[in-house]
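Here's the letter readout for the chains.
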Amino acid sequence: MQERDYSKLHRGLVLKYFWQVARRFKWPFFNVIILTIANSALDVFIPFQYLKLWNVLSANNFTAVSEAKSIILFVLFLNFSRWLMRRSGSFSLAYFQANTMAGLREQAFSYLIGHSHSFFANNFSGSLTQRISKYARAFEKITDRIMADGLPLLVRGLGTVIAIYTLFPKYSYIFAIFCFVFLLTAAIYIRYKLKYDVIAAEADSRTTGALADSIGNHASIQLFTGHQHENKLVGEVIQDQKRKIVFNWYLWEGLQAIQSFYSLIVEFVIFWFVIGDWKLGLITLPVIVLLQNYLIRLFDNLYSFGAIVRAYYESFADAEEMAVILDTPYEITDKPKQMIENVKGEVVFENVTYVYENNNSKVLENFSLKIPVGQKIALVGSSGAGKTTFVRLLMRLFNLNSGRILIDGVNISDIPLANLREKIAFVPQDPVLFHRTLLENIRYGRRTASNEEVLEAARLAHCDQFIDSLPFRYETYVGERGIKLSGGERQRVAIARAILKNAPILILDEATSSLDSHSEALIQDALRTLMKGKTTIVIAHRLSTIREMDRIIVLKKGKIIEEGTHEELTNKADGLYKKLWDLQAGGFVK
Ligand code: DGT
Ligand code: MG
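Given the structure is predicted, the values throughout are model-derived calculations rather than measurements. Here the residue numbers are simple positions, counted from 1 along each chain's written sequence. Starting at A for chains and at 1 for ligands, labels are handed out in the order in which the entities are written. Under the rules for a predicted model, residues below a pLDDT of 70 receive no local features and side-chain atom pairs below 80 are neither given nor counted, while totals for whole chains, interfaces and linings still include all residues. Remark: hydrogens and water are excluded; side-chain values derive from all non-hydrogen atoms of the structure.

S.K.: Looking at this structure, I do not really get the coordination of the magnesium ion (ligand 2). What am I missing?
M.R.: Around a metal, the perfect tetrahedron of four donors has angles of 109.5 degrees, and the perfect octahedron of six donors has angles of 90 or 180 degrees. Listed as protein donors to the magnesium ion (ligand 2) are T388 (OG1) and Q429 (OE1); their distances from the metal cover 1.9 to 2.5 Å. Of this pair, T388 sits in helix α11 (residues 387–394) while Q429 sits in the loop between β6 (424–427) and α13 (438–443), placing them 41 residues apart in sequence. Note that water is not among the atoms considered, so a metal site may appear incomplete; the donors listed are N, O and S atoms within 2.8 Å of the metal, with 3.2 Å applied to Na, K and Ca. Runs of E in the DSSP output that reach at least two residues are strands. Runs of H or I that reach at least four are helices, and both are numbered from the N terminus.

Printed below as a string of C-alpha cells:
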C-alpha cells in the first residue's frame, strides 16, 4: 500500500476535478447550501420564541392566552418551514450527490482508459478499479459531513453565540471561548491521531492482501495440504491488524473523554454564574431554561466536529490517488496531422531505438527494416529477443526513443491513433477476453458487423467446433478474462476477430501456439486466405508455420542477424535458423 502523507494532500487538485463534474449540478448544490443554512438558523431561532412564551405565561393573566396562542402558531409555522426546508434539502442533496458521483466515475474511467500500455503495465488493475470507487465515495463522504454536520455546526454555533449575546453578553463570551477551546483541542488531537489512522489503514490492506493471496492460491493449498500453515500466516496478519485497530479506537475514546470533561466543566461554570446573577435579579427563569437548552444542543453539534475533521482528511487522501492520475498527461499523445486512407501497407522502421521504462537494456537499437507492400514476413528468435516489442511499436503502444516508423511513407506519430489502429489487425500472444458473450467478444473486431459476418468469421477461425458444443453457444459468457475457455479456444476467438476486422496490415504474434497440430493446420488455411494481398507480420516459435513466408527475419537481442526465405536460411551451413530448424526435427512437417 502506498504511504499516506496527510500533511501534503493535493487538495486543490482534488477540488479542481470534483468541481469539473459538480458544477454541472450547481443549482441543486446551491439549493442544498441555502436550505441547510436557513434551517440551521431556525434551530437557533425557534427556542427563542419559547422564551417569549414563557415570559407571557409567567405574567399569569388572561389576556396572555391569545398572545400565547399566536406565539405557538408562529412556532408551528417556523417548525413547518424548517421541516419543509430540511426535507427538500435532503432530496436536493441526494440528487446532487448521486449525479455527481456517477459523473465522477465516468470522468475517472473515461480518462483512465485512455492511458498508455505502460501505464497499465505499471499499475494493478485491481487497485485502479478501487481508486475509481474510492474517488466517488470520497466525494459522498465529504459532502455528507459538510451538509449534515459542518455547515449546521457553523451556523448553529454562531447563531447561538449571537442569540445569547442579545440576552446576556457575559454568557455569550463563555460560550464562544468554550467552542473555541473545544474545536481547537479536537483539531490538534485528530491531526496527531492521523498517523495511527494511516497505520491502521495499512494493516487493513495487508489483511486484504494476505487473504487475496491465500484464497487465490487455493489450488496450491489443497495440493500441498497447507491449511494449517495458511491459517497461521493469515491469523498473524489479522491479529496484528486487531492490535492496531484497538489502539486507534482507544485514541478516539481518549478524545471523547477530554471533550466530555470540557462539557461538564463549562456546564458547571455557567450555572455557577447563573445562580449569582439570579440572586441579583439580573436573569429570569425563562432565560435560564433557554441557556440550558442551547447548551445541550451545542454539545451535540460540537461532538460531530471530530468526525468532520477525520472525514475531511480521509476523503482528500482517498480522492487524491485518482486526481493524480487525472492530472497525469497521456504518454502517447494524439496530435492528428495526417489521416491514412486506402492503405497499401508498406512498413518501414528507420534506425529505431527503444528502451522500456525502468529497464536499462535496449530492446531495439538502431533497428531498420523495410517491408514492401503485401510482403509476408516472419520474425523468429529466442524468447525475449524483442519480437512482441517490435509489433507493439508499430501499433504505437509506446513512443520511440529515437528513429521513426512509417506506414506508406507517413510517420506513425503523425497519424491519429484511432486511424492507425484501424488499419492493423493484431492477434496477440496471450489473448484476453471480456466477460461477455462469445458473440460480443468476436464482434469486437468490427462492432458494426452483422450476426452473419460474425458467424462466418468464427467458422473460418474454426471457433464453431467448440462453440457448438457449449450450452448457450454464441451466447455463452466466457468468464473473467476468458478463463472458461482453453488457451487454444481463446486464440481462435482472437483470430476470428482479426478475420472480421480485415485490416490491410495483419500481425500474428504466436497466434496458433496453443493449438494442436491438427487445428493449427486447419487454421493455417484460413490465415492463408486472410493474408492475401495484405502486409503480414507473423511471429512464431514453431517454424513449420512460417515456411511459406516471403521473408524470414531472425532476431537476436533486438538485432537482425539473418534474413531470407526458408530455403536460403536452411541452406546456410552455420546459421541460427538452420540450427533451430534442425532442432525442431524439420518442424514436424517434413
Ligand atoms: P517471447 O514472446 O517470449 O518469444 O519474447 P519476445 O521476443 O516477444 O520479447 P519481448 O519483445 O516481449 O521482450 C523483449 C524484452 O523486453 C524482454 O527482455 C522483456 C522486456 N519487456 C517486455 N515487455 C516489457 C514491459 O512491458 N516492460 C518492461 N520494463 N520490459 C518489458
Ligand atoms: Mg512475444
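S.K.: Is there a simple way to think about the pairing of strand β3 (residues 376–381) in this case?
M.R.: Put simply, side chains in a regular strand alternate between the two faces of the sheet. Counting buried positions along β3 yields six of six residues, so the element is predominantly enclosed. Burial here depends on accessible area, computed with a 1.4 Å probe over protein chains only, as a share of the maximum for the residue type. Under 20% is buried, over 50% is exposed, and the range in between is partly exposed. In β3, alternate side chains face the same way, and those of K376, A378 and V380 on one face and I377, L379 and G381 on the other are all buried. Inspection of the sheet shows β3 paired to strand β9 (residues 551–556) by five bridges, in the parallel sense. Note that in β9 the partner of G381 across the bridge is L555. Here the rule is simple: two strands pair whenever DSSP picks up at least two bridges between them.

S.K.: Just to check I follow, could you spell out helix α14 (residues 451–460) for this structure?
M.R.: Counting along an α-helix, one turn takes 3.6 residues, and residues three or four places apart therefore face a common direction. For α14, every residue scored as buried is listed here: V454, A457 and A458. Burial along α14 is one-sided: seen end-on, the buried residues are contained in an arc of 100 degrees. Note on contacts: a residue pair is in contact if any heavy atoms of the two residues lie within 4.5 Å. The inward-facing, buried residues of α14 contact α13, α15 (464–467) and α16 (487–501). H462 lies just past α14 and shows a positive phi near 60 degrees. As used here, the arc belongs to the directions running from the helix axis to the C-beta atoms.

S.K.: It is not clear to me how the site of ligand 1 should be interpreted in this structure. Could you clarify?
M.R.: Taken together, 14 residues lie around ligand 1, and S383, K387, T388, T389 and Q429 are the ones closest in. Any N or O atom pair separated by 3.5 Å or less is treated as a polar contact, with the protein-specific requirement of one donor-capable and one acceptor-capable atom, and with residues adjacent in sequence counted only for side-chain atom pairs. S383 places a polar side-chain atom, nitrogen or oxygen, 2.5 Å from an oxygen atom of ligand 1. Out of a free accessible area of 640 Å², ligand 1 has 69% covered by protein chains. The residue classification treats Ala, Val, Leu, Ile, Met, Phe, Trp, Tyr, Cys and Pro as nonpolar and Asp, Glu, Lys and Arg as charged. All others, Gly included, are polar. Taken together, the residues that form the shell around ligand 1 break down as three nonpolar, eight polar and three charged. Summary of the distance rule: residues count as near a molecule or strand when at least one heavy atom falls within 4 Å of that molecule or strand. With residues, only the protein chains shown are counted as cover, and all accessible areas are computed by Shrake-Rupley using a 1.4 Å probe.

S.K.: Sorry if this is basic, but what is going on with a nonpolar patch on the surface here?
M.R.: The patches reported here contain residues having more than 30% relative accessible area and no salt bridge. Joining distances are 9 Å for like charges and 5 Å for nonpolar side chains (Val, Leu, Ile, Met, Phe, Trp, Tyr). What counts as a salt bridge is simple: a side-chain nitrogen of Lys or Arg found within 4 Å of a carboxyl oxygen of Asp or Glu. A cluster of nonpolar residues, Y165, Y173, I177, F180, V181, L184 and I188, forms a patch on the protein surface that exposes about 730 Å² of accessible area. Ranked by residues supplied to the nonpolar patch, first place goes to helix α6 (residues 169–216) with six residues. Within the secondary structure layout, Y165 lies in helix α5 (residues 125–167).

S.K.: Sorry, what's going on with the layout of surface pockets here?
M.R.: A water-sized probe, rolled over the atoms, reveals where empty space remains. With a 1 Å grid laid over protein atoms only, a set of points is called a cavity when a 1.4 Å probe fits there but cannot get out and a pocket when it is open yet has protein on both sides within 12 Å along at least five of seven lines; lining residues have an atom within 4 Å of a point. Grid points are joined across faces, edges and corners, and a volume is the space filled by probe spheres set on the points. Taken as a whole, the largest pocket spans an internal volume of roughly 2,300 Å³. Around the largest pocket sit 41 residues that line it, and H117, L397, V432, F434 and R497 are the ones nearest its centre. A class-by-class count of the residues in the lining of the largest pocket yields 20 nonpolar, nine polar and twelve charged.

S.K.: Looking at this structure, I do not really get the sheet that holds strand β7 (residues 505–509). What am I missing?
M.R.: In a beta sheet, neighbouring strands are held together by backbone hydrogen bonds and run either parallel or antiparallel to one another. Taken together, the six strands give an open sheet; going across it, the order is β6-β7-β8-β3-β9-β10, and neighbouring strands pair in mixed fashion. In this open sheet, the two strands that pair with only one neighbour each are β6 and β10 (559–564). Across the sheet, the mean angle separating the axes of adjacent strands is 15 degrees when strand polarity is ignored. Along the sheet, α11 makes contact with β3, β6, β7, β8 (535–539) and β9, crossing β8 at roughly 150 degrees. Interaxial angle, 0 to 180 degrees, is taken between N-to-C directions of lines fitted to C-alpha atoms, where a helix line uses only the stretch in contact.

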